[in-house]
Structures are given as C-alpha cells and as structure tokens.
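What follows is each chain in one-letter form.
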Amino acid sequence: MIARARQAYGASPLHLAGHLLALALMAYAVSRVLDPRFSRGLNVVVWLVAGAIVHDLVLVPAYSGLDAVARRVARPRTGRALSAINHLRFPAAMSGAMLLVYFPLILVRADGNYVRSTGHHVTGFAWRWLAITAALFVASGLVYLVRVRVSRARALRPPAR
C-alpha cells in the first residue's frame, strides 16, 4: 500500500503528511490574521501583496543586474573568481534582508512607535546593522581564503598510489 502511495504521489506518505500539516498551520495563521478581533487583516494583506509586487518588479531586476555585472567583471578570470562571487552573494543577501526587515529602525523612521512599544529609542540600529554586515563579509572572506588554501594544498599534494 505504501509503495503504491509513493508511486502515485512521488514521495513518502510522511512527506505528504508534513505538507498537509504545514498547509493546515498556514490556513490557521491566515484565519487569525484576517479575523478583525485579533488584528487589522487588511493591512497585512496589503503589505504582503505590495511586498510581492515590489520584490518582483524592483528587487529581482536590481539584484539580478548586480549579479550579471559581477559575473561579467569576473568572467575573464579563472573559475576561482566566479567562486569568490558566491562568497559575496551570501553576506550581501543577508545584509539586504536585514535592511529590508529593519529599515524603519535603521533609518530612524519609527522612533515614536518603537519608544511606545519598548520604552527605548532606536539609536544605534544603523551602527549595529553596519557592524553585522561587516562581520558577515569578513567571515565570508575568511571562509573563502580557507577554501582557496585547502584547494591549493590539494593541488600541490602528490597523487596517492
């Protein structure tokens, strides 16, 4: 029976159960968000739709263009230069995601709301974001250097018999 279900579905029944559980959880969360007793559901829906549109129409072309420029610059070099691009993509993506999530605090646009919610001002968010961004780039650069050294050591090592 499980073999037939796997053949019909294409994966194990546990995989199907996990997806059904995730869909049920999502349906519950959406019902809570849209329930006017708990939140202002229309605001959430508008922000989600606007975020999807801005992402698809502005952000995807922007970071795809930056990636194309980086690939074009690195193309004349060896394969190692293209590998280095991947070590720039990750910290840039993480920094961009943090900026997207925390931009009202980083740009000090939500000080009143933040003070009312926490009792603290938003000072220091920009410096912390810059420090985290710098740490991400430094860590990624160190990982890249270790990978280059390991690959060079392997290339210089005589082949095993």
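That block above? That's the structure.
For clarity, every value in this text was computed on a predicted model and none was experimentally measured. (Residues numbered from 1 in each chain as written. Predicted model: local features only at pLDDT ≥ 70, side-chain atom pairs only at ≥ 80, totals over all residues. Heavy atoms only, no water.)

## Quick word on the overall build of the protein
Put simply, the rule is: Secondary structure elements follow DSSP: runs of H or I no shorter than four residues count as helices, runs of E no shorter than two count as strands, and numbering proceeds from the N terminus. Here the globule rule is a power law, 2.2 Å times the number of residues to the power 0.38, and the radius of gyration is based on C-alpha atoms. For the exposure calls, accessible area comes from a 1.4 Å probe over protein chains only, and a residue counts as buried if that area is under 20% of its type's maximum, exposed if over 50%, partly exposed in between. Working rule for contacts: check all heavy atoms of both residues, and any pair within 4.5 Å makes them a contact. Where accessible areas are quoted, they stem from the Shrake-Rupley method and a 1.4 Å probe; at the residue level, only the protein chains shown are allowed to cover. Only four residue types enter the charge count: Lys and Arg as positive, Asp and Glu as negative, with His and the chain ends excluded. By convention, charge coordinates are those of NZ in Lys, CZ in Arg, CG in Asp, or CD in Glu.
Scanning the protein for helices and strands turns up six helices and zero strands. In terms of overall size, the protein is more extended than a compact globule, its C-alpha atoms giving a radius of gyration of 23 Å where 161 residues would be expected to give roughly 15 Å. Dimensions of the protein along its principal axes, counting C-alpha atoms only, are 70 × 60 × 30 Å. For the protein, the proportion of its 161 residues judged to be buried stands at 12%. Long-range pairs, those at least 24 residues apart, make up 38% of the contacts in the protein with a sequence separation of at least 6. With the model as given, the accessible surface of the protein reaches about 13,100 Å², and the carbon-plus-sulfur share is 70%. A gap of 19 Å separates the mean positions of the 20 positive and 4 negative side-chain charges of the protein.

## Observations concerning the side chain of histidine 87
Relative to the helices and strands, histidine 87 resides in helix 4 (residues 79–106). We classify histidine 87 as buried; its relative accessible area is 11%. Setting aside residues no more than four positions away along its own chain, histidine 87 makes contact with Ser140, Val143, Tyr144 and Arg147.

## Observations concerning the pattern of salt bridges
We apply this condition: Salt bridges are counted wherever a side-chain nitrogen of Lys or Arg sits within 4 Å of a carboxyl oxygen of Asp or Glu.
Here the structure, examined in full by the defined rule, presents one salt bridge. In this structure, arginine 89 and aspartate 67 form a salt bridge, with 2.7 Å as the shortest nitrogen-oxygen distance. Residue arginine 89 is located in helix 4, and its partner aspartate 67 is located in helix 3 (residues 41–74); the two are separated by 22 residues in the primary sequence.

## Remarks on the packing of aromatic side chains
Quick reminder of the rule: Pairing of aromatic rings covers Phe, Tyr and Trp, the last through its six-membered ring, and needs centres within 6.5 Å; plane angles under 30 degrees mean stacked, over 60 mean edge-to-face, and all others mean tilted. Over a ring means this: the NZ of a Lys or the CZ of an Arg is within 6 Å of the ring centre and within 35 degrees of the ring normal.
Considering all chains together, one arrives at zero aromatic pairs under this definition. The residue whose ring lies beneath arginine 128 is phenylalanine 125, and the NZ or CZ to ring-centre distance is 5.2 Å.

## Let's talk about the nonpolar core
Convention followed: What is meant by a nonpolar core is a set of buried Ala, Val, Leu, Ile, Met, Phe, Trp, Tyr and Cys residues, joined one to another through side-chain atoms within 4.5 Å.
Ranked by size, the top nonpolar core spans seven residues in total: Met98, Leu105, Ile106, Ala110, Val122, Phe125 and Trp129. Here the element with the most residues in this core is helix 4; it accounts for three residues. Contacts of alanine 110, omitting those with residues within four sequence positions, involve Pro104, Leu105 and Val122.

## Considerations on the layout of surface pockets
Definition in use: Two kinds of site are reported from a 1 Å grid over the protein atoms alone, namely cavities, where a 1.4 Å probe fits but cannot get out, and pockets, open sets with protein on both sides within 12 Å along at least five of seven lines, and residues are called lining when an atom falls within 4 Å of a point. Grid points are joined across faces, edges and corners, and a volume is the space filled by probe spheres set on the points. Under the scheme applied, nonpolar residues are Ala, Val, Leu, Ile, Met, Phe, Trp, Tyr, Cys and Pro; charged residues are Asp, Glu, Lys and Arg; polar residues are all the others, including Gly.
The computed volume of the largest pocket comes to approximately 540 Å³. Lining of the largest pocket is provided by 15 residues; of these, Tyr63, Arg89, Ala92, Ala93 and Gly96 occupy positions nearest its centre. Elements represented by at least two residues in the lining of the largest pocket include exactly helix 3 and helix 4. The element that contributes the greatest number of residues to the lining of the largest pocket is helix 4, accounting for nine residues. A class-by-class count of the residues in the lining of the largest pocket yields 11 nonpolar, two polar and two charged. Empty space within the second largest pocket amounts to approximately 160 Å³. The wall of the second largest pocket is formed by Trp47, Ala50, Gly51, Val54, His55, Leu59 and Leu100. At six residues, the largest contribution of residues to the lining of the second largest pocket is made by helix 3.

Don't take any of this as a statement about function, it's just geometry.
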